[in-house]
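The lines below spell out each chain.
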Amino acid sequence: MTDKILKIRSLKVIFPTERGIVKAVEGIDFDVYKGECVAIVGESGCGKSVSSLAFMRLLQTPPAIVDTKVHEFDGVDIRNYSDKQMKNILGTKMTMIFQDALSALNPVIKVGKQIDEIYIKKLGYSKSEAKIASIEILRLVGVPSPEKRYNDYPHQLSGGMRQRALIGMSFASDPKLMIADEPTTALDVTIEAQILQLLKDLQKKNDMALVLITHDLSVVRRVADRVYVMYCGKIVEEGPTKDVFRNPKHPYTLGLINSMPKIGTEKQEFTQIPDNVPHPLHKPDGCYFRPRCSNTDVTICKNCMSPLVDLGGGQRVRCWNPLKNKVGGDK
Amino acid sequence: MKFDYVIKRISHTILIFLAVVTINFFIPRIGNDDPASRYYPPQIGTMTDEEYDEIKALTREQYGFDKSPVEQYLIYVKNLLSGDLGNSFQPGRPKVMKLITERLPWTLVLSLSTMMISSIVGIMYGTFAAKKRGRLPDTLLLASSTLLTALPAFIIALILSMIIGFELEWLPGYADPSMMTAFDWSFEQILNVIRNATLPVISMSIGGIVGYAVSTRNSVIVVSSDDYILTARAKGLSNGRILYRHTLTNALLPIVTRFMMGLSALIGGAVVIEKVFNWNGMGTLFINANLQNDYPLMMGVMLFLSSIALLANLTADLLYFVLDPRIMDGGRR
Amino acid sequence: MNNTMTKKILNPIINFLQTIGGIIKKTWNHKKGRIGLILVVLLALTAIFAPLIAPYDPYDVLQRGERGVGPSLDHLLGTTSFGQDIFSMLVYGARVSMTIGIITAILISFTGAIIGIAAGYLGKLPDAVIMRIVDVMLVIPTLPITIVLTNLFGKSYPMLIFIFTLFGWAGLSRVVRSQVLTIKNTNYVKSAELFGGSKWYIMTKHILPGVSNQLIMNTAMTAAGVMIAEAGLSFLGLGNTEFISWGKMLADAQSSGAFILGYWWWILAPALGIFLSVSSYMLIGFSLEEIFNPRMSSNSSQFKVLKTLSGKYIQELFDEMETIDNQGGEHND
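What you are looking at is a predicted structure, and each value in this text was computed from that prediction instead of being measured.

For chain C, the helix and strand inventory stands at 15 helices and zero strands. Over its C-alpha trace chain C gives a radius of gyration of 27 Å, far above what one expects of a compact globule, namely 20 Å for 333 residues. C-alpha atoms of chain C, sized along the principal axes, occupy 95 × 60 × 45 Å. The burial tally for chain C puts 49% of its 333 residues in the buried class. In chain C, of all internal contacts separated by at least 6 residues, the share reaching a separation of at least 24 is 72%.

Take a look at the structure:
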């Protein structure tokens, strides 16, 4: 028995296009322990969403080509699992929720029926049993008047309600691992807080592992036990959330943390990371972050990329010149 | 609230119908000193002048040509409501409505069969092509679509009639002239109709199949990249379930509209096909009416065809209303 | 004074020609478009230089040859039952098709664009009225109404073009209108309005360019459609009989018993003519669509790209990604 629910070694995803091969994910290692909350954070295009799809082997070839050295779910090697075998795990033990609940739900089927689908098709319930269970799940995730909402169509629910329904649908089968891709990005801040709390509660309730994909560091800080920072398809830093936030080792991480607007007593300038994320087809030589890095007096950065170096305490960083400063709590 | 849409569509349809009726009223009456003259049946050789004058007077009486235009219009509408479209010029001056209802089923045989075959085969192939995107079934479809759109149905009909009908003689190139009169719902006769209808239906269906297939293929491809299909896959549902319950229920929505519109287009287009095969449907009825300047019959058929088109549109809209829950809340997709 | 005036008139024309030139270039670079363009040019040349290309003058009764012979050296595509050389007829027939097609298409595009832009941009009452009219026109079946109107008002070519245009603009204006509705809400139009641009100014300088792509594409497709309609009409014997048209050739062939006598060349030649001319415009239209709306078909190239990649190359790519991390030492569990 293992204490990891998901173990990924060297995940690579490429997308061949007419204009060149897009290297979306360039060999990442990823672990999720049972019951923990792990976040993958990064800007748009860094490969975090693609990675999450790859975790569930949902990427299709074409257009993607995927390769992994190790891909284990709950200790079982699923690298060569057939479509059918994957369908046994998906939706039951491993589930996923997406950012925009309106587009993630089938617009012409009632919400309740879409939840029923899990019970009937994956868990063997009868139609009437499923209906009862679906209403209960809706209640559990905090949807008021679940009996009425059961008969609604997705477009008739509010954003927060929809997201709850989506979460309910993914939670119905008691999954061991839930992957949430930007679950709160489309929601108002107050609703966001509620949804995050809901996810934490569900985690506790069933000892469920949660992988949170987001570009919002404040979300990470609130709920994640560990965090992986991704940039241009590579993991540049990983570690327990507290440590990474207090002592970021990679300049990019520091930049992300500093660009979070903070409420404080002094007025500060907005710090920005200069320039833009490189185009996926034209990644720089050497370290991908070098063009934007303020720490690049090291010529080696221009020629090759650093490997991920273990710094102890679960923290790893991909930098020839990792930061040594401590970031104060009030900055 | 919910039925606002339905009421709107129905009242819209009635409005358009009135407009069409009015246009239908005016067309034969313009550009002529004595509009009534168009409605006088031709003077047959054996008729004396007095007899002919009497007929002319009767005709004027029937359509109200001696009265004011407004009254004429009212007479026209009144007749319409009781299903009276006037009298044809054919010998015996039969009622237009009667002629239409006699010939209509024969046109419908062709049109409805074509619609069924085109849509079913087309949708099936389109879904298949979408699944095998980029491979032979798909490229074949796209190539033939480019080619076939340039081949109007009646050209296909002529070629098929020539090759299969007359050269190879596998199926009749000309419809059996006694088919209509000999029809008595017996198995033998039904078979005969099928035999005769095969080439016309195939000619019309080929374009239709390709059309439905391309639309379905495109729609399925678009829907397949929608997020809820990803959700369905993440739920671990079987491929069959994803296809039928999720993909097709969404992808086929626009095809439904196409289906209903197709009916009206088919009936209009059947006119030409009927000539190729000498098929005695409403098309040939109309052509002959035209050759004989039989205005009551011509305008009657026109009104009939327009009404069918209107009904088809209305049905398509209502079907959409039933199938797409987003419409009832006032939103258009 | 005169200089600025002429400039005002010349500039838009020059811009227009430049845009057209650019589009032609893009079409040429597109596989389908190139074939279409070549065909159009060939057909246009055939039409213009018909007397030089055709070996006989099909209108000249004295130039008739033997009746009903198949293709031979004397008569490349055989002769009709009246002794006319079919190849010559084919060549001359291009004149009718190509001219009617393009003239009508341009007129329809013009009318449809103006009305569509007016309806879409002006909104409210003009929009409501125009759209109702469009609805009515779309309900009336085109071929039958054309037959009725040619019966009443004559079959001259100008009349035909007029009738086609009269019923052709409706569909286009709807499409244009919906595009206008989208453009209307874009920021650059809104800021032009804020700057006090007159309605006319905005419609011509901002909205029109936005829909021009759609218009040009539509012109090509409409031309194809008109040619099919004209062929169908002539085939029914209801078109203009003054000049040779491919549709009429088919009608004559059928009524002269070409099927029964086996004169397949009489059927195939005009069918080929219709097919080629319609294809030419349609290919251009299709390639324009792909150029302006690059979407679906181009994605199947992803599959091709995948096929061309060698497994070895991919493996090298993957190894490259791994080597960096192998240096740092792997996770040891």
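Attention shifts here to the interface of chain C and chain A. Contact with chain C, which involves 21 residues of that partner, is made by 30 residues of chain A. When the two sides are added together, the surface that chain C and chain A hide from each other amounts to roughly 2200 Å², 63% of it contributed by carbon and sulfur. Linking chain C to chain A there are two salt bridges. Where Lys 69 of chain A meets Glu 322 of chain C, a salt bridge forms, and the shortest distance between an N and an O atom there is 3.0 Å.

This paragraph deals with the environment of Phe 153 of chain C. All names here are of chain C. Turning to its location among the elements, Phe 153 is positioned in helix α6 (residues 142-153). You can call Phe 153 partly exposed: its relative accessible area is 33%. For the pair Phe 153 and Ile 163, spaced ten residues apart in the sequence, the C-alpha separation amounts to 9.9 Å.

A few words on the environment of Leu 171 of chain B. Residue and element names in this part refer to chain B. Looking at where Leu 171 falls in the secondary structure, it is placed in the loop between α7 (153-167) and α8 (179-182). Taking C-alpha positions, Leu 171 is 9.3 Å from Ala 197, a pair spaced 26 residues apart along the chain. Once residues lying within four places of it in the same chain are set aside, the contact partners of Leu 171 are Ile 164, Gly 165, Arg 195, Thr 198 and Leu 199.

On to the pattern of salt bridges, then. Under the definition given, this model contains 29 salt bridges over all chains. Across the pair Lys 235 of chain B and Glu 117 of chain A runs a salt bridge, and its minimum N-O distance is 2.9 Å. Placement of the pair is Lys 235 of chain B in the loop between α10 (227-234) and α11 (239-251) and Glu 117 of chain A in helix α4 (residues 111-123), with the two residues belonging to separate chains. In this structure Lys 235 of chain B comes out as buried when scored by relative accessible area, which is 5%. The network of salt bridges with common partners includes Lys 12, Asp 67 and Lys 69 of chain A together with Glu 322 of chain C.

As a further point, take the interface of chain C and chain B. In this complex, chain C contributes 43 residues to the contact, which on the side of chain B involves 51 residues. Note on chain C versus chain B: buried area summed over both sides is about 4200 Å², and carbon and sulfur give 78% of it. Where chain C meets chain B, there are zero salt bridges. At the boundary of chain C and chain B, one finds eight residue pairs in polar contact (both at pLDDT 80 or more). Those elements giving two or more residues to the side of chain C that touches chain B turn out to be α5 (124-139), α6, α9 (199-235), α10 (246-255), α11 (258-261), α12 (264-292) and α13 (296-299) of chain C. Ranked by residue count, the leading element in the side of chain C that touches chain B is α12 of chain C, at eleven residues. Tallied by class, residues from the side of chain C that touches chain B come to 33 nonpolar, seven polar and three charged.

So, on to the confidence of the model for chain A. In the predicted model, chain A carries a mean pLDDT of 86, and the fraction of residues at 70 or more is 93%. The element-level mean pLDDT for chain A is lowest in helix α12 (residues 300-303) of chain A, coming to 80, with strand β3 (residues 37-41) of chain A highest at 94.

Looking now at the sheet that holds strand β12 (residues 309-312) of chain A. Residue and element names in this part refer to chain A. Here eight strands make up an open sheet; going across it, the order is β7-β8-β9-β3-β10-β11-β13-β12 and the pairing mixed. Either end of the sheet is taken by a strand with one partner, and the two such strands are β7 (94-97) and β12. For this sheet the average axis-to-axis angle between neighbouring strands, irrespective of direction, equals 20°. Across four bridges, β3 lies against strand β10 (residues 226-231) in parallel orientation. In the strand pairing of β10, Ile 40 is matched with Tyr 228. Taken strand by strand, helix α7 (residues 159-171) contacts β7 and β8 (177-181), and its axis lies near 170° from that of β7.

With that out of the way, let us pick up the pairing of strand β9 (residues 209-214) of chain A. Residue and element names in this part refer to chain A. With respect to burial, β9 is a largely interior element, six of its six residues being buried. Neither face of β9 is left uncovered, since the one carrying Ala 209, Val 211 and Ile 213 and the one carrying Leu 210, Leu 212 and Thr 214 both have all their residues buried. Where β8 and β9 come together, five bridges link them in parallel fashion. From the neighbouring strand, Ile 179 faces β9, where its bridge partner is Val 211. Traced from β8 through helix α8 (residues 189-206) to β9, the parallel crossover comes out right-handed.

A grouping of Lys 113, Lys 127 and Lys 131 of chain A together with Arg 245 of chain B is seen on the molecular surface, where their side chains present a positively charged patch. Mapped onto the elements of the fold, Lys 113 of chain A is located in helix α4. On the basis of relative accessible area, Lys 113 of chain A is assigned to the partly exposed category, the value being 42%.

Glancing now at the packing of helix α1 (residues 4-26) of chain B against helix α14 (residues 295-323) of chain B. When two helices pack together, their arrangement is given by the angle between their axes and by how far apart the axes lie. All names here are of chain B. The N-to-C vectors of α1 and α14 enclose an angle of 170°; their axes lie 10 Å apart at closest approach. As the angle between them shows, α1 and α14 are arranged roughly antiparallel. Across the interface between the two elements, Tyr 5, Val 6, Arg 9, Ile 10, Thr 13, Ile 16, Phe 17, Val 20, Val 21 and Asn 24 of α1 pack against Met 299, Met 302, Leu 303, Ser 306, Ser 307, Leu 310, Leu 314, Asp 317, Leu 318 and Phe 321 of α14.

Using the criterion set out here, one finds 17 aromatic pairs over all chains in the structure. For the ring pair Tyr 5 of chain B and Phe 321 of chain B, a centre distance of 5.4 Å and an interplane angle of 15° mean the geometry is stacked. One end of the pair, Tyr 5 of chain B, is in helix α1; the other, Phe 321 of chain B, is in helix α14, and 316 residues separate them in sequence. Among the aromatic residues, those joined into a ring-pair cluster are Phe 25, Phe 26, Tyr 73 and Tyr 76 of chain B. Note that Lys 12 of chain A overlies the ring of Phe 318 of chain C, its terminal NZ or CZ placed 5.6 Å from the centroid. We note Arg 258 of chain B situated over the ring of Tyr 212 of chain B; from NZ or CZ to the ring centre the distance is 5.2 Å.

Time to look at a nonpolar patch on the surface. Residue and element names in this part refer to chain C. Among the surface-exposed residues, Val 41, Leu 45, Ile 48, Phe 49, Leu 52 and Ile 53 lie close enough to one another that they form a single nonpolar patch of about 580 Å² accessible area. Of all the secondary-structure elements, those providing two or more residues to the nonpolar patch are α2 (31-48) and α3 (50-53). Within the secondary structure, Leu 52 is located in helix α3. A residue is classified by how much of its surface remains accessible, and Leu 52, at 71% relative accessible area, is exposed.

So, on to the environment of Gly 142 of chain A. Note on placement: Gly 142 of chain A falls in the loop between α5 (127-140) and α6 (146-150). Residues Gly 142 of chain A and Ala 165 of chain A, spaced 23 residues apart in sequence, show a C-alpha to C-alpha distance of 8.9 Å.

The rules behind each value
- Residues numbered from 1 in each chain as written.
- Chains lettered and ligands numbered in written order.
- Predicted model: local features only at pLDDT ≥ 70, side-chain atom pairs only at ≥ 80, totals over all residues.
- Heavy atoms only, no water.
- Helix = DSSP H or I, 4+ residues; strand = E, 2+ residues; numbered from the N terminus.
- Rg over C-alpha atoms; globule rule 2.2 N^0.38 Å.
- Buried < 20%, exposed > 50% of the residue type's maximum accessible area, 1.4 Å probe, protein only.
- Contact = heavy atoms within 4.5 Å.
- Buried area = accessible area lost by both parts, 1.4 Å probe.
- Salt bridge = Lys/Arg side-chain N within 4 Å of Asp/Glu carboxyl O.
- Polar contact = N/O pair within 3.5 Å; in protein donor to acceptor, adjacent residues only side chain to side chain.
- Nonpolar A, V, L, I, M, F, W, Y, C, P; charged D, E, K, R; others polar.
- pLDDT = per-residue confidence, 0-100.
- Pairing = 2+ DSSP bridges.
- Axes fitted to C-alpha atoms, helices over the stretch in contact; angles between N-to-C directions.
- Right-handed = clockwise from strand over helix to strand, strands pointing away.
- Patch = residues over 30% accessible without salt bridge, like charges linked within 9 Å, V, L, I, M, F, W, Y side chains within 5 Å.
- Areas by Shrake-Rupley, 256 points an atom, 1.4 Å probe, with all protein chains shown as cover.
- Lys, Arg positive; Asp, Glu negative; His and termini not counted.
- Charge placed at Lys NZ, Arg CZ, Asp CG, Glu CD.
- Parallel < 35°, antiparallel > 145°, perpendicular 65-115°, else oblique.
- Phe/Tyr/Trp six-rings, centres within 6.5 Å; stacked < 30°, edge-to-face > 60°.
- Lys NZ or Arg CZ within 6 Å of the ring centre and 35° of its normal.

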